[in-house]
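Listed here are the chains, written in short residue letters.
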Amino acid sequence: MEPLSHRGLPRLSWIDTLYSNFSYGTDEYDGEGNEEQKGPPEGSETMPYIDESPTMSPQLSARSQGGGDGVSPTPPEGLAPGVEAGKGLEMRKLVLSGFLASEEIYINQLEALLLPMKPLKATATTSQPVLTIQQIETIFYKIQDIYEIHKEFYDNLCPKVQQWDSQVTMGHLFQKLASQLGVYKAFVDNYKVALETAEKCSQSNNQFQKISEELKVKGPKDSKDSHTSVTMEAAPLNSPPHPSQDLLKHTPVDHPDYPLLQDALRISQNFLSSINEDIDPRRTAVTTPKGETRQLVKDGFLVEVSESSRKLRHVFLFTDVLLCAKLKKTSAGKHQQYDCKWYIPLADLVFPSPEESEASPQVHPFPDHELEDMKMKISALKSEIQKEKANKGQSRAIERLKKKMFENEFLLLLNSPTIPFRIHNRNGKSYLFLLSSDYERSEWREAIQKLQKKDLQAFVLSSVELQVLTGSCFKLRTVHNIPVTSNKDDDESPGLYGFLHVIVHSAKGFKQSANLYCTLEVDSFGYFVSKAKTRVFRDTAEPKWDEEFEIELEGSQSLRILCYEKCYDKTKVNKDNNEIVDKIMGKGQIQLDPQTVETKNWHTDVIEMNGIKVEFSMKFTSRDMSLKRTPSKKQTGVFGVKISVVTKRERSKVPYIVRQCVEEVEKRGIEEVGIYRISGVATDIQALKAVFDANNKDILLMLSDMDINAIAGTLKLYFRELPEPLLTDRLYPAFMEGIALSDPAAKENCMMHLLRSLPDPNLITFLFLLEHLKRVAEKEPINKMSLHNLATVFGPTLLRPSEVESKAHLTSAADIWSHDVMAQVQVLLYYLQHPPISFAELKRNTLYFSTDV
């Protein structure tokens, strides 16, 4: 469940008005649920807590200020029957009067929440509904019931207090209220779904967002203000007094109400005990010295560029300040704490425009091949851990492997992000973060800009205030662990491994025509990466792409779609990475549920984003299924046909399809960012496959008009669909042994000898492709494709054994970065890093070497 709020939540906390009944403990638990000493220093913050001490208030009780256990339904010590009964009964009236006032506020809040429900239901059956009936029922689930319970309770209690009599009884009212607490359980169980639905509707529907932004809450009868304007996000959630404990305290044991209150306390105590088993209460706000609430809105781990090096920071966004912190190293047995690196009041925070931003100090990107090496090490370590667990190995050995895995994952997380996110303090310096995902950058920017719409004041925190705020971060944080797989529980889903086929159909909801395109991101190794991009649909408000992509998944659990407006203004260049900044029009994310996507049929869905709806379809193919090499039944084409058959038919040394695709890539795609890595449109690739198979006379014309990523994808598909790999099934075991040799001279002899052993069509085609890939890598500063990137893309494609042989070599289909795949990449990388290899020179040396392998 989401954290329960004391005075307001950062998002749609109007739903949490109902949770104003959940108040805070005083000092008994730290952020991890460990017991602390009582009596914290002044200014220290407390954990949210659903008190298990019984209460009859709708606003469920807090623990007693003394920090003791919940009140026992027995007479309080020192209050014997008749002892100071008169004073006790007078106190009883005061407690009930205060309780009535808080009940009135609570009922007014419920009325304000119910007010939009009726018109929303009325429009739900029209042709233009604001929300569907199902969405309304989910968001407002049980609110009407809770309102009626409290309205009836208030109406019955009010006259009894107003016409006060020392012998008046109202214990039966509390008893009845306690018996209806089950309604809260139903509400609690639905809470997370209600919040997610409300947030999604607010993001995708401007009308609902407007409705949710302003509510009129009636003030108390004695108040000068008849109405108070509040937003749903800032609804007043002050926790009112909790009188049942005090009622029992000030009720003589011989009063008729005493046994009824005792019973009511018992019922509510049982209820709260059961509900606490389901909720992990977490504090989400800190009180400023002025008594104002500073709410935590968002937090997470970001990579900051500091003194030309990368530092992992924990960034906390509060309602009025952004704080960048680092977790201190602590000795064993001591509580962890954060050290504040810097903070910016949101009133002083600005996002520099591309033309305003200064060029950042050069941060050398981590070599791609080293990042890929880390991924391979991580996967190898993961396999070792699984083997140790399967063999019931020693826990010490497993912990040692986990530590190594964490170190590699941490380095990967630290060094992989490249997307700049700069913020500036108008009174001082700028700060630069590097993110792996444009989606994440947009989330942070939007969250900050949303808070800046409010009337914020600039301020300077004193050293004590900063210490208190930083000290609260450990308990306030919602992101506890660095997002690496080694921090996952064993029973958490490992994600999907294989290929996700996605068709981006169309988008609707744009207010005006624009040049529009979409990108697709998936998570991999703890962070998100961009995997595909549609073409730009020019000057339209209803783009229809109908483009299919094949995306490789590496333990992925989510798919993100971002919709952009293309910017052609070359003056708007981000100086941090020299790229033109396109405007994000909308973004959305869905979970990749294995049960939904692991079917043979396409699954069609819609992602709603800021009023924009993007329609797409997807289906998933496991790695073992997608990597099968299936010979073509038709030997007249080129796909799925042995390379020797094709070259003999064409009377060529290198297949025509390979020559033409390479020529086109070198002509107009060699500087394309992510060439061979970015997926081409699947329908375009299939169209090119068909014309090459048919040897259509329009091939050259079609190639010249086709998107370059589709041409690159066609070349990859050709090699992937060869009935046996280009480097042959026969030699595969020898390639695996050769690349594992440690002696450089022995490795050189072996690897060159293996090339000589290839059939001529295979060898000539391989050398032709090798030189092309080297020329592509020469443009790495522009196209971002290193030799290692290219080896990662092509290695498995050129070496992976055919289906019959693969059973002996491929490991679990769930482990993409298996030992064999790593070795396949290394084999191709070896040849790419080798000085130019001549076919004639190889053949000349054949005389001096045996051809037996």
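The chain appears in an unreviewed UniProt entry as Active breakpoint cluster region-related protein from Pan paniscus.

Chemist: Just checking my understanding: could you explain the overall build of the chain for this structure?
Modeler: The secondary structure content of the chain amounts to 28 helices and 21 strands. Taking the contacts inside the chain whose residues are at least 6 apart along the sequence as the reference set, 73% of them involve residues at least 24 apart. Here the chain displays about 40,600 Å² of accessible surface, and carbon together with sulfur accounts for 50% of that area.

Chemist: What is the right way to read the state of the cysteines from this model?
Modeler: Between two cysteines, a covalent bond joining their sulfur atoms is known as a disulfide. Per the stated rule, a full pass over the model turns up zero disulfides. Among the cysteines around C518, which has no disulfide bond, C563 carries the closest sulfur, lying 3.9 Å off.

Chemist: Help me understand the pairing of strand β9 (residues 419–425), please; the structure alone is not making it clear to me.
Modeler: Of all the seven residues making up β9, six are buried; the element is thus mostly covered by neighbouring parts of the structure. Both strand β8 (residues 349–350) and β9 contribute to a ladder of two bridges, which runs antiparallel. Among the inter-strand pairings, V350 is bridged to a residue of β9, identified as H424. Both β9 and strand β10 (residues 430–435) contribute to a ladder of six bridges, which runs antiparallel. Within β10, the position partnered with P420 by the bridge is L434.

Chemist: When you look at the nonpolar core in this model, what are you seeing that I'm missing?
Modeler: The tendency in soluble globular proteins is for nonpolar side chains to be buried as a group. Counting 70 residues, the largest nonpolar core has Y676, F719, F735, F766 and Y831 as the members making the most contacts within it. With residues up to four places along the chain from it excluded, the contact list for F766 reads L726, L727, L755, L798, L828 and Y831.

Chemist: Teacher, can you tell me more about the sheet that holds strand β11 (residues 496–508) here?
Modeler: The pairing of strands in a sheet comes from backbone hydrogen bonds and takes either a parallel or an antiparallel form. In space, the four strands of this open sheet follow the order β15-β11-β21-β20, with antiparallel pairing throughout. Bordering the open sheet on either side are β15 (544–556) and β20 (603–609), each of which pairs with just one other strand. Averaged over neighbouring strand pairs, the angle between their axes works out to 30° when direction is ignored. Bridge analysis of β20 against strand β21 (residues 612–622) gives seven bridges, and the strand direction is antiparallel. When the sheet's bridge partners are listed, M609 is paired in β21 with I612.

Chemist: Would you take a moment to explain unusual backbone geometry for this structure?
Modeler: Residues apart from glycine generally show negative phi values, whereas peptide bonds are mostly found in trans. A positive phi angle, close to 65°, is found at S308, a residue other than glycine. Its location among the elements puts S308 in the loop between β4 (293–306) and β5 (309–318). At D539, a residue that is not glycine, the phi angle is positive and equals roughly 45°.

Chemist: Is there a simple way to think about the pattern of salt bridges in this case?
Modeler: Side-chain pairing between opposite charges can occur once the charged atoms of the two side chains come close. As enumerated under the stated definition, the model contains 20 salt bridges in all. Notably, a salt bridge pairs K142 with D145, separated by 3.5 Å at the nearest N-O pair. Residue class for K142 comes out partly exposed when judged on its relative accessible area of 25%. The exposure class assigned to D145 is partly exposed, which follows from its relative accessible area of 31%. The partner of E721 in a salt bridge is K689, with the nearest N and O atoms 3.1 Å apart. Residue E721 is located in the loop between α20 (708–720) and α21 (732–739), and its partner K689 is located in helix α18 (residues 682–694); the two are separated by 32 residues in the primary sequence.

Chemist: Which parts of the structure should I look at to understand the packing of α21 against helix α22 (residues 744–756)?
Modeler: Two measures define how a pair of helices packs: the angle their axes make with one another and the distance between the axes. In the contact formed by α21 and α22, the axes pass within 9 Å of each other and the chain directions differ by 160°. Looking at the two axes, α21 sits roughly antiparallel to α22. Between α21 and α22 the crossing geometry is left-handed. Contact residues: A734, F735, G738 and I739 in α21; K747, C750, M751 and L754 in α22. In terms of residue class, the contact of α21 with α22 is made up of six nonpolar, one polar and one charged.

Chemist: Is there a simple way to explain the packing of aromatic side chains in this structure?
Modeler: Here the distance between the centres and the angle between the planes together describe a pair of aromatic rings. Inspection of the entire model under this criterion finds 16 aromatic pairs. Ring centres 5.5 Å apart and planes at 85° place the aromatic pair F766 and Y831 in the edge-to-face group. Of this pair, F766 sits in helix α23 (residues 760–778) while Y831 is found in helix α27 (residues 819–833), placing the two residues 65 residues apart along the sequence. When sorted by exposure, F766 lands in the same class as Y831, which is buried. Among the aromatic side chains, those forming a connected cluster through ring pairs are W342, F351, F421, Y431 and F433. Positioned over the ring face of W444 is K298, at 4.9 Å from the centre of the ring. Residue placement shows R720 over the ring face of F499; its charged tip is 5.6 Å from the ring centre.

Chemist: Just checking my understanding: could you explain the confidence of the model for the chain for this structure?
Modeler: The predicted coordinates of low-pLDDT regions are not to be read in fine detail. For the chain, the mean per-residue pLDDT works out to 77, and 75% of the residues sit at or above 70. In this model residues 230–243 is a low-confidence stretch, pLDDT under 50, and it forms 58 contacts with partners more than four residues away in sequence or in other chains. Counting interchain partners and residues more than four positions distant, the pLDDT-below-50 stretch residues 847–853 has twelve contacts.

Chemist: I'm lost on the side chain of N415 in this one. Help?
Modeler: Among the secondary structure elements, N415 is positioned in helix α11 (residues 395–415). Within the structure, N415 has its side chain in polar contact with the backbone oxygen of L411 (distance 2.9 Å). Dropping the residues within four chain positions of it, N415 is found in contact with R310, F366 and L371.

Chemist: Explanation requested: the side chain of R560 in the structure shown.
Modeler: Inspection of the secondary structure assignment puts R560 in strand β16 (residues 558–565). Taking relative accessible area as the criterion, R560 reaches 8% and is therefore assigned buried. Polar side-chain contacts of R560 include one of 2.7 Å to the side chain of Q589.

Chemist: Would you take a moment to explain the environment of I764 for this structure?
Modeler: Along the polypeptide, I764 turns up in helix α23. It is 6.8 Å that separates the C-alpha atoms of I764 and F839, two residues lying 75 residues apart in sequence. Non-local contacts of I764, meaning those with residues more than four positions away in its chain, are made with K653, V654 and F839.

Chemist: What is the right way to look at the packing of helix α4 (residues 143–162) against helix α6 (residues 182–204) in this model?
Modeler: Orientation of α4 relative to α6, taken along the N-to-C sense of each, is 155°, at an axis distance of 10 Å. Between α4 and α6, the angle is such that the two are roughly antiparallel. The two elements α4 and α6 meet at a crossing, and its hand is left-handed. Contacts between α4 and α6 involve I143, D145, I146, I149 and H150 from the first element and V183, Y184 and F187 from the second. Tallied by class, the residues present in the contact of α4 with α6 amount to six nonpolar, one polar and one charged.

Chemist: Help me understand α4 in this model?
Modeler: Along its 20 residues, α4 runs 28 Å from first to last C-alpha, staying within 8% of the 28 Å computed at 1.5 Å per residue. The set of residues buried in α4 consists of I143, I146, Y147, I149, H150, F153, Y154, L157, C158 and V161. The arc that holds every buried residue of α4, seen down its axis, measures 155°, which confines them to one face.

Chemist: Explanation requested: the environment of R294 in the structure shown.
Modeler: Turning to its location among the elements, R294 is positioned in strand β4. Residue R294 is classed as buried on the basis of its relative accessible area, which comes to 8%. Separated by 175 residues in sequence, R294 and L469 place their C-alpha atoms 9.2 Å apart. Polar side-chain contacts of R294 include one of 2.8 Å to the side chain of D320.

So, how was this worked out
By convention here, each chain's residues receive numbers from 1 onward along its written sequence. Totals for whole chains, interfaces and linings use all residues, but because this is a predicted model, local features are given only for residues with pLDDT of at least 70 and pairs of side-chain atoms are given and counted only at 80 or more. To get the side-chain values, take all heavy atoms of the structure and skip hydrogens and water. Helix and strand labels come from DSSP, where a helix needs a run of H or I of at least four residues and a strand needs a run of E of at least two; each type is numbered from the N terminus. Residue contacts follow a heavy-atom distance rule, with two residues in contact if any of their heavy atoms lie within 4.5 Å. Here the Shrake-Rupley method, with its probe set to 1.4 Å, supplies the accessible areas, and only the displayed protein chains count as covering residues. In what follows, a disulfide is any cysteine sulfur pair within 2.5 Å. Here's how the labels work: a residue is buried when its accessible area is under 20% of the maximum for its type, exposed when over 50%, partly exposed in between, all with a 1.4 Å probe on protein chains only. Two strands are counted as paired when DSSP detects at least two bridges linking them. Take the buried residues of types Ala, Val, Leu, Ile, Met, Phe, Trp, Tyr and Cys, join any two whose side-chain atoms come within 4.5 Å, and each joined set is a nonpolar core. Convention adopted: a line fitted to C-alpha atoms gives each axis, helices being fitted over their contacting stretch, and angles between N-to-C directions are expressed from 0 to 180 degrees. By definition here, a salt bridge exists when the distance from a side-chain nitrogen of Lys or Arg to a carboxyl oxygen of Asp or Glu is within 4 Å. In what follows, roughly perpendicular refers to angles from 65 to 115 degrees, roughly parallel to angles under 35, roughly antiparallel to angles over 145, and oblique to any angle outside these ranges. Should the near helix be turned counterclockwise from the far one by less than a right angle, the crossing is left-handed, whereas a clockwise turn marks it as right-handed. Residue polarity follows a fixed list, in which Ala, Val, Leu, Ile, Met, Phe, Trp, Tyr, Cys and Pro are nonpolar, Asp, Glu, Lys and Arg are charged, and the others, Gly among them, are polar. Under the pairing criterion, centres of Phe, Tyr and Trp rings, with the six-membered ring standing for Trp, must be within 6.5 Å; the plane angle then separates stacked pairs below 30 degrees from edge-to-face pairs above 60, leaving the rest tilted. Consider the ring centre and the ring normal. A charge sits over the ring if Lys NZ or Arg CZ is within 6 Å of that centre and within 35 degrees of that normal. Across the chain, each position has a pLDDT score giving the predictor's confidence in that residue, from 0 to 100. Any pair of nitrogen or oxygen atoms within 3.5 Å is treated as a polar contact; in protein, a donor-acceptor pairing is required on top of that, and neighbouring residues in sequence qualify only through side-chain atoms on both sides. In this scheme, a helix's expected span is set at 1.5 Å multiplied by one less than its residue total. As used here, the arc is the angular range of directions from the helix axis to the C-beta atoms.

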